[in-house]
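# Residue-level structure breakdown
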Amino acid sequence: MNRWQFFKRLAPLLALMVLVLSACGRADLSALNPQGPVAQEQFGLMKLAFSIMVGVVVIVFALCLFVIIRFRRRRGDKSIPKQVEGSHKLEIIWTVIPIILLIILGVPTVQTVFNLSKDHSNDPDAVKVIVTSHQYWWEFEYPELGIKTAQELVIPKGKTITIEAKTADVLHSFWVPSLAGKIDTNPGGSTNKMFFSAPKEGVYLGKCAELCGPSHGLMDFKVKSVDDASFDRWAAALQAPVAMPSDPVVAAAFESKCLVCHAVGDKGGPLYPNLTGIGSRDSVGGILINTDDPKYSNEGSTYDNLHRWIENPDDIKPGNLMGQIDLTQQELDGIAKYLSELTLDYEQ
Amino acid sequence: MAQGHAVKRYSGLMDWLTTVDHKKIGILYLIAGGFFFLVGGLEALLIRIQLWKPLNDFVSADTYNELITMHGTTMIFLAAMPMLFALMNAVVPLQIGARDVAFPFVNALGFWTFFFGAVLLNVSWFTSTGAPAAGWTAYAPLSGPAFSTGHGMDYYVLGLQIAGIGTLIGGINFLVTIINMRAPGMTFMRMPLFTWTSFITSALILFAFPALAVGLAALMFDRVFDANFFDPNNGGNAVLWEHIFWIFGHPEVYILILPAFGVISEVISTFSRKRLFGYSSMVFATILIGFLGFMVWAHHMFTTGLGPVANALFSIATMLIAVPTGIKIFNWIFTMWGGSIKFTSANLYAVGFIPTFVMGGVTGVMLAAAPADFQYHDTYFVVAHFHYVIVGGLILGIFSGLHYWWPKMFGRILNETLGKWTFWIFYIGFHLTFFIQHFLGLLGMPRRIWTYLDGLGFNEMNLISTIGAIMMGIGTIMFILNVVITNAKPQNAADDPWEDGRTLEWTIPSPPPEYNFKQTPLVRGYDAYWKEKMDGHKGMTPAEPIGSIHMPSPSILPFTMSLGLFITGFGLMYSRDWTFITEHIGFYVAGLGLLITFGSMFLRSVYDDHGFHIEPEELEDKGVKA
Ligand SMILES: [Cu+2]
């Protein structure tokens, strides 16, 4: 096979790979489809490493293929091949070339390591967020704004977001593939810092990336990037007082059975997910996706999802710490309805 | 007769329980390791069945975590390690012209502690609180008493501790064997590459396993005696566990892969009828890999938050390993270059190993770039990477070695036709399972997840992966079938069944008599047997006259010592629960176990056993076959 033919055969394969690499995966989830500068920089490094490695793989495969075809033993061949001890020249070549390749990869790697570890926490324009992971939900606190929310990290688009990550129980890892790589949340009061930003408005999927118990795979969250004005409205709305359910039976149940753990507005406890504005979030529990056009079994209207969750949380996230709450049908329906209407009007 | 005293010779089961013959211990390792390979494989299949479609609930979330934990632990510690020890036991003494390992008794002890540790770990499946479920890495605090409340993690800690003692003992034994027991003329730089890699692996075991032992002991104290090494709420440090685990865990990767490198070197050289290309650089690369293997553990912890300096240093150190590994790959290819390559099933595995391992290697270099690893870490990209290295590297290497040395171990050649079919089915299944997982990871699928949501674009790739896994399962079953079929055939393999043998093991009968070499051979160069062949000699020149051969006696003590540890492990675990006669009955049980172990050691110390001799006249009728 002459060289040209070889490349002709390889071309479609390469093209396929480029295709796979360039348009890959959901824009809100894939590390190959970066939507922010941090993920972009990481993707750049991935591409560099990938191209070098494809080169290496192609050369080794080609050599291998050539050798096993050219030097296969013919039937009845009793000849003894020449016994070669080695070749200094060749051995130097395949020691030096990899070293050069590694330098090409190593230098930008070190640069990126330091770039991405910059501390932006003193940047006045940056928005500070303290991320606390819990078995199996995420708490987001904005210390400068004095607000706390759960499961949905709302950020102003384009601004640098600085993250201080810690955990309330076991190890978890905070990961939003399309915006930035992950950082572990370590126990014992040591916080890890990272930063990222999302220049485009939209909702990005986040995941827990460290085994943390049975529902580790279901520990999803969202990052929602909105314009500055909406962000300010959201932050303000989150602090506004919230009315309790109008039906007194429902209100009583809600206050006695839910507010012991959860908070809405200025009522309730701070230990578990803050439910203020839950009606306008994208999902319930991070994984029941709110939509009026449900396609999959984990999708439904906000009301249905809330209903499903409150009725039996353990069915949705095995081992989660809410546990089964005893409610009458009326209380259940009423609370679900109340929560689904607990919206924050901030997007325009 | 010069015999010191009458020898007890056992037969049947007792023979296997008391044997100190390295060849039989090799077979024991193979049977036990093979069994746990099947168990781990079954766990893998259940994992893949659970993941074949989104939001599946074939197994529960708890069971799933038990499956992944036990799959990883079983495959690494209870399948891969013993199967390597099987090959090392079966081959290394023969390759260096020795009659046995340096410490035959200790060799048996190593096997039995491994075995009882492995059994202890797997007993957890049958308990009410189930198997360990904190991942094979057992990261604290999830693995601690606060978050893993059942006994699963106790089984992990104690089972691995006991099995780890076995590995450590085995490693030391091979170090001493290779240093001290080489035949005259077998200098270090004439040793076959499999012996070399076994040597370096044993050295790595010597340095790495104590770290694991310390970590497990500390975790055991946390769990059984309320200590708090890893409990941050009481001044402990959870990240410490990560360091300890990976200071052991990263060298462990090289402990596993180096012997496979050795197998590939032997097989490719033999079936190319060519001397290994660049032998000395191969040896040097092996040593370098072993050394660097200790310098890179924190690349498993890039996202732990060690800071940019540590991340940068560990990135570069990790990338460096690619250089010696690359040297090996090219040396293999150039061993084949100009050779006369015969594709036996052993060689198919070896040749198939090269491109597969290269793929695992290049993704390794990609992972070494810390900032990019922030994206890859703990995703299916990593799962794909390490299965390329471990299955595509180590397991292909083991299969290659098993096909290659099977006639030497059992006197029968495995069926070649079936062997080749098995290779193709396993190989294609392997790539189908794992290639696609690189992309799953990059598209956002974390590892160790019980299920994934629908509509994320993961469905098709997971289905393909599951189909591949089933093919690998079929391949494994075909291999077992091959073993069964071959076992029914007459034991008629020639001394040098592949006809192109180059090393000492092919100069003696298949299987060898229990004393291996009637006369210790004189080694006159690298590829000792090949050299004699080329010089027109029929066999090796003996280095000694025929004489009486000293042999170690069989003993049941290694078995009882290990049994004692097993009982101790049990007792410690249930020290809190068992209160039926008095409080803390578990501690008494643990004490009883230790009594058995130390009692056996006492017996061993006070009772002098000088072994026995096989006399020249017995040798004439070919001695006793192993
Ligand atoms: Cu988590």
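Rules and cut-offs
Residues numbered from 1 in each chain as written. Chains lettered and ligands numbered in written order. Predicted model: local features only at pLDDT ≥ 70, side-chain atom pairs only at ≥ 80, totals over all residues. Heavy atoms only, no water. Pairing = 2+ DSSP bridges. Helix = DSSP H or I, 4+ residues; strand = E, 2+ residues; numbered from the N terminus. Core = buried A, V, L, I, M, F, W, Y, C linked by side-chain atoms within 4.5 Å. Buried < 20%, exposed > 50% of the residue type's maximum accessible area, 1.4 Å probe, protein only. Contact = heavy atoms within 4.5 Å. Domains from an automatic or database assignment. Buried area = accessible area lost by both parts, 1.4 Å probe. Salt bridge = Lys/Arg side-chain N within 4 Å of Asp/Glu carboxyl O. Polar contact = N/O pair within 3.5 Å; in protein donor to acceptor, adjacent residues only side chain to side chain. Nonpolar A, V, L, I, M, F, W, Y, C, P; charged D, E, K, R; others polar. Phe/Tyr/Trp six-rings, centres within 6.5 Å; stacked < 30°, edge-to-face > 60°. Lys NZ or Arg CZ within 6 Å of the ring centre and 35° of its normal. pLDDT = per-residue confidence, 0-100. Arc of directions from axis to C-beta. Donors = N, O, S within 2.8 Å, 3.2 Å for Na, K, Ca; no water. Tetrahedral: all angles 85-135°; square planar, octahedral: opposite > 155°, others 65-115°.

### Topic: the pairing of strand S3 (residues 147–150) of chain A
Residue and element names in this part refer to chain A. For strand S2 (residues 137–142) and S3, the ladder comprises four bridges, and the chain directions are antiparallel. Residue pairing in the sheet places Glu141 in a bridge with Lys148 of S3. Connecting the antiparallel pair S2 and S3 is a turn made up of four residues, with Gly146 showing a positive phi of about 65°.

### Some points on the nonpolar core
In terms of nonpolar packing, the biggest core is built from 284 residues, with A:Phe174 and A:Phe196 touching the most fellow members. Among the elements that take part in this core, helix H3 (residues 61–95) of chain B stands out by supplying 22 residues, more than any other. Apart from residues no more than four positions distant in its own chain, A:Phe196 is found in contact with A:Val38, A:Leu153, A:Ile155, A:Lys159, A:Thr160, A:Ile161, A:Ile163, A:Phe174, A:Leu179, A:Ala180 and A:Val223.

### Concerning the domain arrangement of chain A
Residues and elements named next belong to chain A. As far as domains go, chain A holds domain 1 (127–227) and domain 2 (248–340). The distance between the C-alpha centroids of domain 1 and domain 2 comes to 21 Å. Counting each side, the surface lost to burial between domain 1 and domain 2 is near 1,400 Å², with a carbon and sulfur contribution of 53%. For the domain 1 face of the interface with domain 2, the top three residues by lost area are Trp137, Glu152 and Leu218, together amounting to 30%. Summed over the shared surface of domain 1 and domain 2, the result is one salt bridge. For Lys224, the salt bridge is made with Asp282, and the minimal N-O distance between the two is 3.7 Å. Viewed at the interface, domain 2 and domain 1 are joined by five residue pairs in polar contact (both at pLDDT 80 or more). Contributing elements (two or more residues each) for the side of domain 1 that touches domain 2: S3 and strand S10 (220–226). In the side of domain 1 that touches domain 2, the residues fall into six nonpolar, five polar and five charged.

### Re the packing of aromatic side chains
Across all of its chains, the model carries 78 aromatic pairs over all chains by this definition. Considering the side-chain rings of B:Phe430 and B:Phe434, the 5.4 Å spacing of their centres and the 50° angle between planes classify their relative orientation as tilted. With B:Phe430 and B:Phe434 both in helix H14 (residues 416–442) and four residues apart, this pair spans about one turn of that helix. Comparing B:Phe430 with B:Phe434, the two get one shared label, buried. Positioned above the aromatic ring of A:Trp175, the side-chain terminus of A:Lys182 is 4.1 Å from the ring centre. If you follow B:Arg182 out to its NZ or CZ, it ends over the ring of B:Phe188, 4.0 Å from the centre.

### As for the confidence of the model for chain B
Residues and elements named next belong to chain B. Mean pLDDT over chain B works out to 92, with 97% of the residues at or above the 70 mark. Here residues 1–5 is modelled with pLDDT under 50, and outside its nearest four sequence neighbours on either side it reaches eight contacts, counting other chains as well. Here residues 622–626 is a poorly scored stretch, pLDDT under 50, and it has 18 contacts once near neighbours within four places are set aside; other chains count.

### Focus on the environment of A:Phe174
Residue and element names in this part refer to chain A. Note that Phe174 resides in strand S6 (residues 172–176). For the pair Phe174 and Asp184, spaced ten residues apart in the sequence, the C-alpha separation amounts to 6.2 Å. Setting aside residues no more than four positions away along its own chain, Phe174 makes contact with Val131, Trp138, Phe140, Leu153, Ile163, Gly181, Lys182, Ile183, Met194, Phe196, Lys207 and Phe221.

### Observations regarding helix H5 (residues 248–258) of chain A
Residues and elements named next belong to chain A. Residues of H5 that are buried: Val250, Ala251, Ala253, Phe254 and Cys258. Down the axis of H5, the sector holding all buried residues measures 165°, keeping them to one side. Between a side-chain oxygen at the N-terminus of H5 and the backbone nitrogen of Val249 the separation is 2.9 Å; the capping residue is Asp247.

### Comments concerning the coordination of the copper ion
Ideal values for angles at a metal depend on the geometry: 109.5 degrees with four tetrahedral donors, 90 or 180 degrees with six octahedral donors. Residues and elements named next belong to chain A. His172 (ND1), Cys208 (SG), Cys212 (SG) and Met219 (SD) make up the full set of protein donors to the copper ion, lying at 2.1 to 2.5 Å. Taken together, the four donor atoms surrounding the copper ion define angles of 90 to 123° at the centre, an arrangement classified as tetrahedral. Counting along the primary sequence, the residues that act as donors to the copper ion give the motif H-x35-C-x3-C-x6-M. Looking at Cys212, the relative accessible area reads 0%, which means it is buried.

### Describing the interface of chain B and chain A
Between chain B and chain A, the contact holds 94 residues from the first and 87 residues from the second. A buried area of about 7,500 Å², summed over both sides, lies between chain B and chain A, and 72% of it is on carbon and sulfur atoms. Our enumeration of links across chain B and chain A arrives at two salt bridges. Between A:Glu210 and B:Arg448 there is a salt bridge, and its shortest N-O distance comes to 4.0 Å. Counting the contacts that link chain B with chain A gives 25 residue pairs in polar contact (both at pLDDT 80 or more). For the side of chain B that touches chain A, the element with the most residues is helix H10 (residues 322–336) of chain B, which contributes nine residues. Looking at the side of chain B that touches chain A residue by residue, the classes come out as 59 nonpolar, 22 polar and 13 charged.

### Overview of the side chain of A:His262
Residue and element names in this part refer to chain A. The topology assignment puts His262 in the loop between H5 and strand S11 (263–264). Among the residues examined, His262 registers a relative accessible area of 12% and is labelled buried. Within the local environment of His262, its side chain forms a polar contact with the backbone oxygen of Pro273, the two atoms lying 2.7 Å apart. With near-sequence residues (within four places) excluded, His262 lies in contact with Lys267, Gly268, Gly269, Tyr272, Pro273, Leu275 and Met322.

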